[in-house]
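One letter stands for each residue in the lines below.
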Amino acid sequence: METVMEDEEYNWSEVKLHSLIPVVPEPEPELDRETGERRRGRDIMIAIDHGPNSKHAFDWAITHLCRLADTIHLVHAVSSLRNEIVYEATQGLMEKLAVEAFSVAMVKTVARIVEGDAGKVICKEAERLKPSAVVMGTRGRGIIQSVLQGSVAEYCLHNCKIAPVVIVPGKEAGEASVI
């Protein structure tokens, strides 16, 4: 895998999440000390795909990392944005995850599909967002296969300089880490 150049452009598409999540208006402050600027939540980027290890990483991030005022940025890398089947399947997945994130941790979700080599565009999105953390799962391959074929998680671990990368072990490592 090659290092991403600073001036290299990439294609992306925002995913419109349906308004399945209710909007709660801010209450009027009751005390003088409550009129100050409210502490801003963190931006947490979660790289997702359609696999079970990605869902496991999402569940881990929601359970162990997210707080009430945080915003989750779901990022899915595809080889082509023109493939309508992949786009619609990914949009459905992101809508489902957004509803789950709100119901479990009451966090806001923003979704984006990016085009290109997965490791490169995930690192590029991290540079754009400047998140507090980048969370991703593993593909579940053995160590020899990962060394021979390379790994997106390993690429991001070495090349994402803007934020800490949290690599959540696969489901075979055990469900106890999520609970």
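Think of each chain on its own: its residues are numbered from 1, step by step along the sequence as written. Owing to the predicted nature of the model, reporting of local features is limited to residues with pLDDT of at least 70; listing and counting of side-chain atom pairs is limited to 80 or more, with chain, interface and lining totals taken over all residues. Only hydrogens and water are set aside when side-chain values are computed; all heavy atoms of the structure are taken into account.

How would you summarise the packing of aromatic side chains if you had to cite specific residues and measurements?
Only Phe, Tyr and Trp rings are paired, with Trp represented by its six-membered ring, and only when their centres lie within 6.5 Å; those with planes under 30 degrees apart are stacked, over 60 edge-to-face, the remainder tilted. Counting across every chain of the model gives 0 aromatic pairs. Charges are assigned to positions over rings by a cutoff of 6 Å between ring centre and Lys NZ or Arg CZ, combined with an angular limit of 35 degrees from the ring normal. The aromatic ring of tryptophan 12 is capped on one face by arginine 112, whose charged end is 3.6 Å from the ring centroid.

An account of the packing of helix 3 (residues 118-129) against helix 5 (residues 152-159) is requested, with residue identities and associated values reported.
At a closest axis distance of 9 Å, the pairing of helix 3 and helix 5 adopts a crossing angle of 40°. In this view, helix 3 runs oblique relative to helix 5, as classed from their interaxial angle. Relative to helix 5, the crossing made by helix 3 is right-handed. The residues of helix 5 that touch helix 3, namely those facing Ala118, Gly119, Lys120, Ile122 and Cys123, are Val152, Tyr155, Cys156 and Asn159. Residue composition of the contact of helix 3 with helix 5, by class: 6 nonpolar, 2 polar and 1 charged. Lines fitted to C-alpha atoms define the axes here, with helix axes fitted over just the stretch in contact, and angles between the N-to-C directions of these axes take values from 0 to 180 degrees. In DSSP terms, a helix is any run of H or I states spanning at least four residues, a strand is any run of E spanning at least two, and both are numbered starting from the N terminus. Put simply, angles under 35 degrees are roughly parallel, angles over 145 are roughly antiparallel, angles from 65 to 115 are roughly perpendicular, and the rest are oblique. Two helices cross in a left-handed way if the nearer one is turned anticlockwise from the farther one by less than a right angle. They cross in a right-handed way if the turn is clockwise. Whether two residues are in contact is decided by their heavy atoms: any pair within 4.5 Å suffices. Residue polarity follows a fixed list, in which Ala, Val, Leu, Ile, Met, Phe, Trp, Tyr, Cys and Pro are nonpolar, Asp, Glu, Lys and Arg are charged, and the others, Gly among them, are polar.

Describe the nonpolar core, naming the residues involved and giving the relevant values.
We call a set of buried residues a nonpolar core when its members are Ala, Val, Leu, Ile, Met, Phe, Trp, Tyr or Cys and they connect through side-chain atoms within 4.5 Å of each other. The rule is simple: take the accessible area with a 1.4 Å probe, protein chains only, and divide by the maximum for that residue type; under 20% is buried, over 50% is exposed, in between is partly exposed. Core analysis: the biggest nonpolar cluster contains 25 residues, and Ile46, Ile62, Ile72, Leu74 and Val135 have the highest contact counts within it. Among the elements of the structure, strand 2 (43-47), helix 1 (52-64), strand 3 (71-78), helix 2 (84-105), strand 4 (108-115) and strand 5 (133-137) are those that each provide at least two residues to this core. Residue contributions to this core peak at 6 residues, all from helix 2. Sequence-distant contacts of leucine 74, defined by excluding residues within four places in its chain, comprise Ile46, Ile48, Phe58, Met94, Leu97, Thr109, Val110, Ala111 and Arg112.

Could you give me a rundown of the pattern of salt bridges, with the residues and numbers involved?
By convention in these notes, a salt bridge is any Lys or Arg side-chain nitrogen within 4 Å of a carboxyl oxygen on Asp or Glu. In the structure shown here, the tally under the stated rule is 6 salt bridges. A salt bridge links arginine 128 to glutamate 125, with the nearest nitrogen and oxygen atoms 3.1 Å apart. Of this pair, arginine 128 and glutamate 125 both sit in helix 3, separated by 3 residues, roughly a single helical turn. Salt bridges linked by common partners bring Glu14, Arg112, Glu125 and Arg128 together as one network.

Which residues make up the pairing of strand 5, and what values go with them?
Buried residues dominate strand 5, accounting for 4 of its 5 residues. One ladder, built from 4 bridges, connects strand 5 with strand 6 (residues 165-168); its direction is parallel. Residue pairing for strand 6: valine 134 is matched across the bridge by valine 165. Only strands joined by at least two bridges in the DSSP assignment are considered to pair.

An account of the sheet that holds strand 1 (residues 12-15) is needed here, citing residue identities and associated values.
The 6 strands lie next to each other as 1-4-3-2-5-6, forming an open sheet whose pairing is mixed. Each end of this open sheet is capped by a strand with a single partner; those strands are strand 1 and strand 6. Taking the axes of each pair of neighbouring strands and ignoring which way they run, one obtains an average angle of 25° across the sheet. Here strand 1 pairs with strand 4 via 4 bridges, running antiparallel. Bridge assignment links serine 13 to a residue of strand 4, and that residue is isoleucine 113.

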